[in-house]
Amino acid sequence: MRGFADCYKNRVFAKICSSVTSVYIMKQVTFSVDGREITAEQGENLLRVCQREGFFIPSLTNSTELDLAPIDDDLGLVEVDGSLHFQPAGLLQVREGMQVRTDTPALRDYQKGVLTNILGNHFGDCFPPCQMGCPCKVPCSHFLKMTAEGRYLEALKLVREQNPWALVCGTVCPRFCEMACRRHVVDYPVAINDVKRFLAERRLHGDRVACETPEPDTGKKIAVVGAGPAGLGAAHFLRKKGHQVTVFEALPQPGGMLRYGIPEYRLPKAELDLEIDDIATSLGVEIRCEQRWGVDFTVDTLKKDGYDACLLAIGAQKPLPLPFGNHNAPGVLMGVDFLREVALGNRPEIGNRVVVIGGGDVSLEGVRPCRRLGKAGGAAGGV
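Residues numbered from 1 in each chain as written. Predicted model: local features only at pLDDT ≥ 70, side-chain atom pairs only at ≥ 80, totals over all residues. Heavy atoms only, no water.

Caption draft 1: Region of interest: the sheet that holds strand β6 (residues 221–225). The sheet built from 4 strands is open, its strands ordered β8-β7-β6-β9 with parallel pairing. Pairing within the sheet leaves two strands with one partner each, and these edge strands are β8 (286–288) and β9 (309–312). Strand-to-strand, the axes of this sheet are offset by a mean angle of 20 degrees, without reference to chain direction. Where β6 meets β9, 4 bridges bridge the pair, whose relative direction is parallel. From the neighbouring strand, Ala-223 faces β9, where its bridge partner is Cys-310. (Pairing = 2+ DSSP bridges. Helix = DSSP H or I, 4+ residues; strand = E, 2+ residues; numbered from the N terminus. Axes fitted to C-alpha atoms, helices over the stretch in contact; angles between N-to-C directions.)

Right, dumping it as structure tokens:
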């Protein structure tokens, strides 16, 4: 009996060893990926082999850093000869002679479409909605938290890293951030713009502690043409980098449309002057007014004066004509031109009765100066 038992155990042990050997001694197969010959064990996962060999297959669900079995996703696809459709690399096993392509125009176009659909319905917030709604991407939640903690100067610095016009935008901005504010779901949006204005006013009307200090002088001279919000904003950031900046402006005073397009009652010019001084002049930016491009200076004269670069920030002050005839007939004025003339202290000839065509901000801002000029019958209507 003992001999029989020993014989049986030996046979079982031999069978187990044979099974183990068959597991670990796998057949090697050769196949191609993007025209390159690859050798791997038969049955290996195609995605893992490609990742190991340095081929890039985009995937939202598979990572070499995680010890997890690959799964299917709509992005990690490849082309395989003999298949009519793209195949999920995470579900394929390598086999002898297969030909795989990971980077073809058709495949990339399909993957771009998949990614566009994913992002188009993406409700997770990489950034808060208020920040995404802001054209300057000001980190609203961060500066609001700093303000609540009494860290006013830090909060203002954070705003001005993205947008130096804290006071101006706090006064006349359309408040895109508040339109996107999640608080809408509960009651009303957080007063983000008012907090921004508070931070700017507190400093400009307070001790005026330095908010930014320019970096060491680079020896570079930059000319900026146009002293509007874009030109002065660019001058602010260039000066912070240590460059010498000169701004050339055609009109008598800097500010562009902030001065000549927005009426006094909406944006007091004394406040505008404070902010221009704060973000530009006080940092060492030189502003030369009544200097018209092509008349008082040119690119050639700037080069002769030693400027290393020139930024054109001439704005978009040309008004759009009405979409029908006779828009340039006597007595017909464009709203932007009219507001600029009023801001310059002129009295445009507009007769005794006025009709304002349009229903936007410029139209309504045109009505009030008409009344202030003593003209009757001011009216605004949408076109």
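Caption draft 2: The arrangement of the side chain of Thr-246 in detail. Looking at the element boundaries, Thr-246 is found in strand β7 (residues 244–248). When its relative accessible area of 6% is taken as the criterion, Thr-246 is described as buried. At a separation of 3.1 Å, a polar atom in the side chain of Thr-246 contacts the side chain of Tyr-307. Apart from residues no more than four positions distant in its own chain, Thr-246 is found in contact with Ile-222, Ala-223, Val-224, Glu-286, Arg-288 and Tyr-307. (Buried < 20%, exposed > 50% of the residue type's maximum accessible area, 1.4 Å probe, protein only. Polar contact = N/O pair within 3.5 Å; in protein donor to acceptor, adjacent residues only side chain to side chain. Contact = heavy atoms within 4.5 Å.)

Caption draft 3: Representation of the sheet that holds strand β5 (residues 99–101) in the model. Taken in spatial order, the 5 strands line up as β2-β1-β5-β3-β4 in an open sheet, and their pairing is mixed. The sheet is open, and its two borders are formed by β2 (36–41) and β4 (87–88), each paired with just one other strand. On top of the sheet, helix α3 (residues 105–120) reaches β3 (77–80) and β5; it is set at about 155 degrees to β3, its chief contact.

Caption draft 4: Main features of the state of the cysteines. All chains considered together, the criterion is met by 0 disulfides. Here Cys-134 is not disulfide-linked; the sulfur of Cys-136 is the nearest cysteine sulfur, at 5.0 Å. (Disulfide = S-S within 2.5 Å.)

Caption draft 5: Structural context of a nonpolar patch on the surface. Where nonpolar side chains cluster on the molecular surface, the patch consists of Leu-60, Leu-115, Ile-118 and Leu-119 and spans about 370 Å² of accessible area. Residue position: Leu-119 is located in helix α3. Looking at Leu-119, the relative accessible area reads 55%, which means it is exposed. (Patch = residues over 30% accessible without salt bridge, like charges linked within 9 Å, V, L, I, M, F, W, Y side chains within 5 Å. Areas by Shrake-Rupley, 256 points an atom, 1.4 Å probe, with all protein chains shown as cover. Salt bridge = Lys/Arg side-chain N within 4 Å of Asp/Glu carboxyl O.)

Caption draft 6: The packing of helix α14 (residues 335–343) against helix α15 (residues 361–372), seen in detail. Viewed as axis vectors pointing N to C, α14 and α15 meet at an angle of 40 degrees, and their least axial separation amounts to 10 Å. Overall, the two elements α14 and α15 adopt an arrangement that is oblique. Seen from above, α14 lies across α15 with left-handed handedness. Facing Gly-335, Val-336, Phe-338, Leu-339 and Val-342 of α14, the residues of α15 in contact are Val-362, Glu-365, Gly-366, Pro-369 and Cys-370. Split by residue class, the contact of α14 with α15 holds 7 nonpolar, 2 polar and 1 charged. (Parallel < 35°, antiparallel > 145°, perpendicular 65-115°, else oblique. Left-handed = near helix turned anticlockwise from the far one by under 90°. Nonpolar A, V, L, I, M, F, W, Y, C, P; charged D, E, K, R; others polar.)

Caption draft 7: Just the pattern of salt bridges, in detail. One pass over the full model with this rule turns up 19 salt bridges. Arg-160 serves as the salt-bridge partner of Asp-278, at 2.5 Å between the closest nitrogen and oxygen. Separated by 118 residues along the polypeptide, Asp-278 in helix α12 (residues 269–279) and Arg-160 in helix α6 (residues 152–160) bring together distant segments of the chain. With respect to burial, Asp-278 and Arg-160 carry one shared label: buried. Taking the shortest distance from any N to any O, the salt bridge between Arg-266 and Glu-365 comes out at 2.2 Å.

Caption draft 8: Inspection of the nonpolar core at higher detail. Residues Cys-140, Phe-143, Ile-192 and Leu-199 are the most contacted members of the largest nonpolar core, which totals 20 residues. Of all elements in the fold, only α5 (140–148), α6, α7 (166–172) and α9 (192–204) reach the threshold of two or more residues within this core. Sorting elements by how many residues they give to this core places α9 first, with 5 residues. (Core = buried A, V, L, I, M, F, W, Y, C linked by side-chain atoms within 4.5 Å.)

Caption draft 9: Structural context of the pairing of β6. With 4 of 5 residues buried, β6 lies mostly within the body of the structure. As for the winding sense of the linkage, the β-α-β connection from β6 through helix α10 (residues 229–240) to β7 is right-handed. (Right-handed = clockwise from strand over helix to strand, strands pointing away.)

Worth remembering: the numbers are spatial, not functional.
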